[in-house]
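# Inside the fold
So the chains spell out like this:
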Amino acid sequence: MSFESHAQRPPFYDEGYGFDLFGLHPPAVERAVAAGAPFYDHYFRVDSRGVEQIPETGPAILVANHGGVLPLDAAMLCLDVLRQTRRLPRAIADHFVPRLPIVGTLFARIGVVSGARRNVERLLERGELVAIWPEGVTGPAKPFRSRYQIQQWRVGFAELAIRYRAPVIPAAVVGAEESWPMAKKLPGLRWFGVPYMPIPAFPVPLPTKLYIRYGQPIRFDRVAADDPAVVAEEAHRVRVAIEQLIDETREERRRDQ
C-alpha cells in the first residue's frame, strides 16, 4: 500500500519535508505495516470482523477497550484498520508518550498524537479517523483477575463527538490481556512522566489469538455538548456497547476453543 495514491489513502497534510503537523511520515507507516504483518498474520492470528462499520470518509472516533502490560491491543487494532480500510487511524496517546526517548518520535512518525484536546479537535476538523482508549493507563494497569473489566472511563471523546458530529465506532479486542498480562507495577519509578513502571508476567507476549470486533456506529443527535450530564450519558452508552461486544466476543472464543 502506498500513501502516494489518493485512491488508497485519504489526503496527507504535508506541512513540509514529508511530515504533517504532528510528525506523521507516510513511508514510516508503510514500513510499520510491513513489519507488523507477520505478527498480525502468524503470531497473533488476528480474527477481525465488522471493520466495514468504519465510515470511509469524514471525522469519526474509534473507541476500544484497553488491557495488557503494553499496548499490543492498540497496535493490532490500528494495524487492522490500516490493512482493511483506506483510513489512517490517529491513535491518541497519554501525555507522557511523546517524552519517551526514541519511542515518542517513532510513534509520531506512524500517526500517534498526544492527547491534548486541541490536537484531537484539529484532527476531527480535518475529517480524520481518531482512535481513543478512554481507560487510559488504568486499562493496562488492572490485575489479571480483572481482565476485560473496563476501568476508569474518560468522557471527553463523547463531548467532541457531539461537537463535531463524528460517529463513534465501538470496538472490542479480546486476547491481548491473556497474551501479556502485568505481574506488578512499580509506582515509584516515573521516568519521563510515566505513571508507573510495568513488570510483565512473561518476557515476551504469548502467541495468543486476538479477536477484534467492531460495532455499529453510534451517532449523537443531541447538540448539548456543553452539558456534562449529556456528555456522561453518551459516553456511558458507548461503554455499554463495548462491554456487550467484549462479552459476545469472549463467548465466541469459548465456542471456538
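Counting from 1, residues in each chain are numbered in the order their sequence is written. Where local features are concerned, this predicted model is filtered to residues with pLDDT of at least 70; where side-chain atom pairs are given and counted, the filter is 80 or more; whole-chain, interface and lining totals use all residues. In computing side-chain values, all of the structure's heavy atoms are included and hydrogens and water are not.

## Remarks on the overall build of the protein
We count it as follows: In this description a helix means any DSSP run of H or I spanning at least four residues, a strand means any run of E spanning at least two, and both kinds are numbered starting from the N terminus. This radius of gyration counts C-alpha atoms alone. The globule rule is 2.2 Å times how many residues there are, raised to the power 0.38. Categorising residues by exposure relies on relative accessible area from a 1.4 Å probe, with only protein chains included: less than 20% of the type maximum marks a residue as buried, more than 50% marks it as exposed, and the intermediate range marks it as partly exposed. By definition, residues are in contact when any of their heavy atoms lie within 4.5 Å.
When its secondary structure is counted, the protein shows eight helices and nine strands. Taking 257 residues into account, the globule formula puts the C-alpha radius of gyration at 18 Å, and the protein, at 18 Å, falls close to it. Residues classed as buried in the protein amount to 49% of the 257 residues present. Looking at the protein alone, contacts between residues at least 24 apart form 76% of all its contacts between residues at least 6 apart.

## Some remarks on the sheet that holds strand β3 (residues 89-93)
Quick reminder of the rule: Here, strands pair whenever DSSP counts at least two bridges between them. Note on method: axes are straight lines fitted to C-alpha atoms, helices fitted across the in-contact stretch only, with angles between N-to-C directions ranging 0 to 180 degrees.
Across the sheet, which stays open at both edges, the seven strands sit in the order β1-β9-β6-β2-β5-β3-β4 with mixed pairing between neighbours. Of all strands in the sheet, those bounded by a partner on one side alone are β1 (47-49) and β4 (113-114). In the sheet, β3 pairs with β4 via two bridges, with the strands oriented parallel. Note that in β4 the partner of Ile92 across the bridge is Val113. In the packing of helix α8 (residues 228-256) onto the sheet, the strands contacted are β1, β2 (60-64), β6 (168-174) and β9 (211-214), and the crossing angle to β6 comes to about 35°.

## Some remarks on the packing of aromatic side chains
Heads up, the condition is: For this analysis, a ring pair means two rings from Phe, Tyr or Trp (six-membered ring only for Trp) whose centres lie within 6.5 Å, classed as stacked if their planes differ by under 30 degrees, edge-to-face if by over 60, and tilted for the remaining angles.
Under the defined criterion, the tally for this structure stands at three aromatic pairs. Taking 6.0 Å as the distance between ring centres and 85° as the angle between the ring planes, the aromatic pair formed by Trp153 and Phe157 counts as edge-to-face. With a relative accessible area of 12%, Trp153 lands in the buried category. Taken together, Phe39, Tyr43 and Phe44 form an aromatic cluster joined through their ring pairs.

## Describing the pattern of salt bridges
Oppositely charged side chains may form a pair once their charged atoms are brought near each other. Rules: Any Lys or Arg side-chain nitrogen found within 4 Å of a carboxyl oxygen on Asp or Glu counts as a salt bridge.
Under the definition given, this model contains 26 salt bridges. Residue Arg90 is joined to Asp20 by a salt bridge in which the shortest nitrogen-to-oxygen separation is 3.0 Å. You can see Arg90 sitting in strand β3 and its partner Asp20 sitting in the segment before α1 (26-43), a full 70 residues away along the chain. You'll find Arg90 and Asp20 in the same group, each marked buried. Where salt bridges share partners, they join Arg117, Arg118, Glu121, Glu125, Glu159, Arg163 and Asp226 into one cluster.

## Here's the deal with the side chain of Glu121
How we decide: N or O atoms closer than or at 3.5 Å make up a polar contact, with two conditions inside protein: a donor-capable atom paired with an acceptor-capable one, and, for residues adjacent in sequence, both atoms drawn from side chains.
Within the fold, Glu121 resides in helix α4 (residues 117-125). Polar side-chain contacts of Glu121 include one of 3.3 Å to the side chain of Arg118. If we skip the residues at most four places from it in the chain, Glu121 touches Leu160 and Tyr164.

## Remarks on the nonpolar core
Operational definition: Working definition of a nonpolar core: buried Ala, Val, Leu, Ile, Met, Phe, Trp, Tyr and Cys residues. They are joined through side-chain atoms within 4.5 Å.
Val46, Ile54, Leu62, Met76, Leu77, Trp133 and Tyr214 are the most contacted members of the largest nonpolar core, which totals 41 residues. Mapped by element, the contributors of at least two residues to this core are α1, β2, α2 (72-84), β3, β5 (129-132), β6 and β9. Ignoring sequence-local partners within four residues, the contact set of Met76 consists of Phe39, Tyr40, Phe44, Val46, Leu210 and Ile212. By size, the runner-up hydrophobic cluster in this structure holds 33 residues, among which are Ala158, Ile218, Ala225 and Ile242.

## Some words on empty space enclosed by the protein
It is the rolling of a water-molecule-sized probe over the atoms that shows where space remains empty. Note the following rule: Put simply, the grid is 1 Å and covers the protein atoms alone, a cavity is a trapped set of points that fit a 1.4 Å probe, a pocket is an open set with protein on both sides within 12 Å along at least five of seven lines, and lining residues have an atom within 4 Å of a point. Grid points are joined across faces, edges and corners, and a volume is the space filled by probe spheres set on the points. Amino acid classes used here: Ala, Val, Leu, Ile, Met, Phe, Trp, Tyr, Cys and Pro are nonpolar; Asp, Glu, Lys and Arg are charged; the rest, including Gly, are polar.
Evaluation of the coordinates by the stated rule reveals one cavity of 30 Å³ or more. The calculated volume of the largest cavity comes to roughly 70 Å³. If you trace the largest cavity, you find it lined by Gly68, Val69, Gly139, Pro140, Lys142, Pro143, Phe144, Arg147, Glu177, Pro181 and Met182. Here the lining of the largest cavity is composed, by residue class, of six nonpolar, two polar and three charged.

## Examining helix α6 (residues 156-163)
Residue pairs three or four apart in sequence face the same way in an α-helix, which turns once every 3.6 residues. Taken across its eight residues, α6 has six buried, putting it largely inside the fold. Looking only at α6, the buried set comprises Phe157, Ala158, Glu159, Leu160, Ala161 and Ile162. For α6, the elements touching its buried residues are β2, α4, β5, β6 and α8. Immediately beyond the C-terminal end of α6, within one or two residues, lies Arg165, with a positive phi of roughly 50°.

## Here's the deal with unusual backbone geometry
The phi dihedral of Tyr17 falls on the positive side, at around 65°, and the residue is not glycine. With respect to the secondary-structure elements, Tyr17 resides in the segment before α1. Notably, Tyr148 is not glycine yet its phi reads approximately 65°, a positive angle. Turning to its location among the elements, Tyr148 is positioned in the loop between α5 (138-141) and α6.

Nothing here speaks to function; it is geometry throughout.
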